[in-house]
Protein chains: 2
Amino acid sequence: MHFTSEQRLDDAVIEREFTLGEIPGILWTPASASAPAPLILLSPPPLGLRKTYPRLVARARHAAADGFATATIELPGSGDRPRWPAAEQARADLRRAMEAGEPVSDEIIDALILPLVDKSVPEWQAALDALLSLPEIGGPVGYSGGVISIGTRLAVVEPRISAAVLFAGSFVPRAMFEEARQVTIPLHVLLQWDDEGNDRQAALDLFDAFGSKEKTLHANMGGHTGVPQSASDEAGRFLARHLK
Amino acid sequence: MHFTSEQRLDDAVIEREFTLGEIPGILWTPASASAPAPLILLSPPPLGLRKTYPRLVARARHAAADGFATATIELPGSGDRPRWPAAEQARADLRRAMEAGEPVSDEIIDALILPLVDKSVPEWQAALDALLSLPEIGGPVGYSGGVISIGTRLAVVEPRISAAVLFAGSFVPRAMFEEARQVTIPLHVLLQWDDEGNDRQAALDLFDAFGSKEKTLHANMGGHTGVPQSASDEAGRFLARHLK
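The shown structure was predicted, so the numbers you read here are calculated from the model rather than taken from an experiment. (Residues numbered from 1 in each chain as written. Chains lettered and ligands numbered in written order. Predicted model: local features only at pLDDT ≥ 70, side-chain atom pairs only at ≥ 80, totals over all residues. Heavy atoms only, no water.)

## Comments concerning the overall build of chain A
Stage number 1. Secondary structure assignment for chain A yields seven helices and nine strands.
Stage number 2. What you see for chain A is a C-alpha radius of gyration of 17 Å, in line with the 18 Å of a compact globule of 244 residues.
Stage number 3. Taken along the three principal axes of its C-alpha coordinates, chain A extends 55 × 40 × 30 Å.
Stage number 4. With 244 residues in all, chain A has 55% of them scored as buried. (Helix = DSSP H or I, 4+ residues; strand = E, 2+ residues; numbered from the N terminus. Rg over C-alpha atoms; globule rule 2.2 N^0.38 Å. Buried < 20%, exposed > 50% of the residue type's maximum accessible area, 1.4 Å probe, protein only.)

## Details of the pattern of salt bridges
Stage number 1. Summed over all chains, the structure comprises 28 salt bridges over all chains.
Stage number 2. Note that B:Arg50 is salt-bridged to B:Asp80, the shortest N-O span being 3.0 Å. One end of the pair, B:Arg50, is in helix H1 (residues 49–65); the other, B:Asp80, is in the loop between strand E5 (69–73) and helix H2 (85–99), and 30 residues separate them in sequence. Across this residue pair, the class does not change: B:Arg50 and B:Asp80 are exposed.
Stage number 3. Across the pair B:Asp194 and B:Arg200 runs a salt bridge whose closest N-O atoms are separated by 3.3 Å.
Stage number 4. Overall, the relative accessible area of 25% leaves B:Arg200 in the partly exposed class.
Stage number 5. Through salt bridges with shared partners, a single network forms among A:Asp118, A:Arg153 and A:Glu179. (Salt bridge = Lys/Arg side-chain N within 4 Å of Asp/Glu carboxyl O.)

## Notes on a positive patch on the surface
Stage number 1. Together, A:Arg237, A:Arg241, B:Arg237 and B:Arg241 make up a region of like positive charge exposed at the surface.
Stage number 2. At the level of secondary structure, the elements contributing two or more residues to the positive patch comprise helix H7 (229–242) of chain A together with helix H7 (229–242) of chain B.
Stage number 3. Looking at where B:Arg237 falls in the secondary structure, it is placed in helix H7.
Stage number 4. Assessed through its relative accessible area of 31%, B:Arg237 is described here as partly exposed. (Patch = residues over 30% accessible without salt bridge, like charges linked within 9 Å, V, L, I, M, F, W, Y side chains within 5 Å. Areas by Shrake-Rupley, 256 points an atom, 1.4 Å probe, with all protein chains shown as cover. Lys, Arg positive; Asp, Glu negative; His and termini not counted. Charge placed at Lys NZ, Arg CZ, Asp CG, Glu CD.)

## Remarks on the pairing of strand E9 (residues 215–220) of chain A
Side-chain direction in a regular strand flips from residue to residue, so the side chains alternate between the two faces of the sheet.
Residues and elements named next belong to chain A.
Stage number 1. Burial of E9 is extensive: six of the six residues sit out of reach of the surface.
Stage number 2. Burial of E9 is two-sided: the residues Lys215, Leu217 and Ala219 facing one way and the residues Thr216, His218 and Asn220 facing the other way are all buried.
Stage number 3. Relative to E9, strand E8 (residues 187–192) runs parallel, the two being bridged by six bridges. By the bridge assignment for E9, Leu187 is matched with Lys215. (Pairing = 2+ DSSP bridges.)

## Remarks on the packing of aromatic side chains
Stage number 1. The full count for this structure, using the stated rule, is six aromatic pairs over all chains.
Stage number 2. Between A:Phe207 and B:Trp193, the ring centres sit 4.8 Å apart and the planes meet at 90°, which makes this aromatic pair edge-to-face. Residue A:Phe207 is found in helix H6 (residues 200–209), and its partner B:Trp193 is found in the loop between strand E8 (187–192) and helix H6 (200–209); the two belong to separate chains. Neither residue differs from the other here; A:Phe207 and B:Trp193 are each classed as buried.
Stage number 3. Relative to B:Tyr143, the ring of B:Trp124 lies with its centre 6.3 Å away and its plane at 85°, an arrangement referred to as edge-to-face. Note that B:Trp124 is positioned in helix H3 (residues 106–132) and B:Tyr143 in strand E6 (residues 137–145), a separation of 19 residues in sequence.
Stage number 4. Note on B:Trp124: relative accessible area 2%, which makes it buried.
Stage number 5. A residue is classified by how much of its surface remains accessible, and B:Tyr143, at 1% relative accessible area, is buried.
Stage number 6. The ring of A:Trp84 carries A:Lys119 above its face, with NZ or CZ at 4.4 Å from the centroid. (Phe/Tyr/Trp six-rings, centres within 6.5 Å; stacked < 30°, edge-to-face > 60°. Lys NZ or Arg CZ within 6 Å of the ring centre and 35° of its normal.)

## A short note on H2(B)
Residue and element names in this part refer to chain B.
Stage number 1. The end-to-end C-alpha separation of H2 is 21 Å, in line with the 21 Å expected for 15 residues at 1.5 Å each.
Stage number 2. Of the residues making up H2, those classed as buried are Ala87, Ala90, Leu94 and Ala97. On an axial view of H2, the arc spanned by its buried residues comes to 85°, and they lie on one face. Those residues of H2 that are exposed and aimed more than 90 degrees away from the buried face are Pro85, Arg96 and Glu99.
Stage number 3. If you follow the buried residues of H2, they end up packed against H3.
Stage number 4. Once H2 ends, the next one or two residues include Gly101, with phi positive near 70°. (Expected span 1.5 Å × (residues − 1). Arc of directions from axis to C-beta. Contact = heavy atoms within 4.5 Å.)

## Quick look at the packing of H2(B) against H3(B)
When two helices pack together, their arrangement is given by the angle between the helix axes and by the axis-to-axis distance.
Residue and element names in this part refer to chain B.
Stage number 1. Close contact between H2 and H3 brings their axes to 9 Å; oriented N to C, the two are set at 140°. Classified by the angle their axes make, H2 and H3 are oblique. Both H2 and H3 take part in a crossing whose hand is left-handed. Contacts from Ala90, Arg91, Asp93, Leu94 and Ala97 of H2 reach H3 at Ile108, Ala111 and Leu112.
Stage number 2. When its residues are assigned to classes, the contact of H2 with H3 shows six nonpolar, no polar and two charged. (Axes fitted to C-alpha atoms, helices over the stretch in contact; angles between N-to-C directions. Parallel < 35°, antiparallel > 145°, perpendicular 65-115°, else oblique. Left-handed = near helix turned anticlockwise from the far one by under 90°. Nonpolar A, V, L, I, M, F, W, Y, C, P; charged D, E, K, R; others polar.)

## Details of the interface of chain B and chain A
Many structure descriptions define interface size as the accessible area lost when the parts assemble.
Stage number 1. With 17 residues of chain B in contact, the opposing surface of chain A contributes 17 residues.
Stage number 2. In this assembly, chain B packs against chain A so that about 1600 Å² is buried in total across both faces, 51% of it on carbon and sulfur atoms.
Stage number 3. Run the count over chain B and chain A and you get 15 residue pairs in polar contact (both at pLDDT 80 or more).
Stage number 4. Broken down by secondary-structure element, the contributors of at least two residues to the side of chain B that touches chain A are H6, strand E9 (215–220) and H7 of chain B.
Stage number 5. Broken down by element, the residue count for the side of chain B that touches chain A peaks at six residues, all from E9(B). (Buried area = accessible area lost by both parts, 1.4 Å probe. Polar contact = N/O pair within 3.5 Å; in protein donor to acceptor, adjacent residues only side chain to side chain.)

## Considerations on the relation of the copies chain B and chain A
Stage number 1. Superposing chain B onto chain A takes a rotation of 180° combined with a translation of 0.0 Å along the rotation axis, leaving an RMSD of 0.0 Å. As the rotation angle and translation indicate, the two copies are arranged about a two-fold axis. Using C-alpha coordinates, one finds that chain B approaches the rotation axis most closely at B:His218, a distance of 2.3 Å. (Least-squares fit on C-alpha atoms with pLDDT ≥ 70 in both.)

Written as structure tokens, this is what we have:
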């Protein structure tokens, strides 16, 4: 992990950009922290960190006010990271299917999501290794993320994550339902009820499949990007409750 | 409205029992209030106020700490209030169907719920008239209730209610879906995901049917009576946000 820039935001948060091998990322820590801070991994939607920065930094500021460090890394194939041909093909197939008003096939969903999960989960684990080796970061670790299949896999394979906020706003490969049954950590699932590009029933089925004894589903109106502030605040409180 | 008793709880809340005609009720007001307090109607589940008192008073204390008055009245056919033969018959039919593992028919659901809604909604409106005439109660008015069809009808017919918390834990007559479309106030709907005696799909369909632009569904684990404290807190925050 190599820090490439550092700045203070409002004297309250230290923002540092870093690279982890080829992967760019951002770490936010409370400026006032005296003890190692608990950590929230902010996994972005696959839009690129630059595009998502305003939303991420807003959540980082809120988290810092509660004493949390937050960190994010660019997803494979997002931002300036190299695309891979199969994902480009899947994206084109998806666009074609949606424009034609056809149902999106399992093949397209698998090609779109599964390689992304396979590639990104080890990257988040490597980032976690690096972040937890910093003296200013302690545990426990929470996760809050935009591609629900990445969060599901991470919750299964990464025992250092204690609680997760998942956003049910992307296609779910059938194979993920089986992985969902193996999740046992507390989950807070956000669903936008009238999300045009999301399959509501699949989201409800996935919520049902999660093996966690403690899981909560918060559904709101407002389309894919319309998560209300109150819902973000509740997700923040969920993590604060479980990581303290 | 006739007050029959008064006591202070912890010096923070004044609890007064009252009767409204034949109907017993309880009013809780913040002991420290200097201005007329906004009001939350706490509609109980159909178990009788005596049985529900511990849960009601806990919510009344929380609400008083936020500056709210709360009030409840006994539902028709609950507590010491007279039963009516058709409801007794419907309850017996329900028990028989459930014990036999049969689906509960629309006829049973209608006979169980619709007369309860028809009888109780005008009573809540009469209680509201009486409560709002007290100098210590102002507006706005919120509703938080246990029989979702009562809350749905009230939200349609009672313009003085500005926001409602509804508990999706009872059978829903088909006729209520049409009424749900006419609801326009902000709604916060609680659903216990694995509620044995509740039809989850009907609850999701009812949530979908509500006409409100602002509605949120919070689903949690834990069975019919297992609403977690965090979910009650969030419902309280929803009302505080909309009534202030």
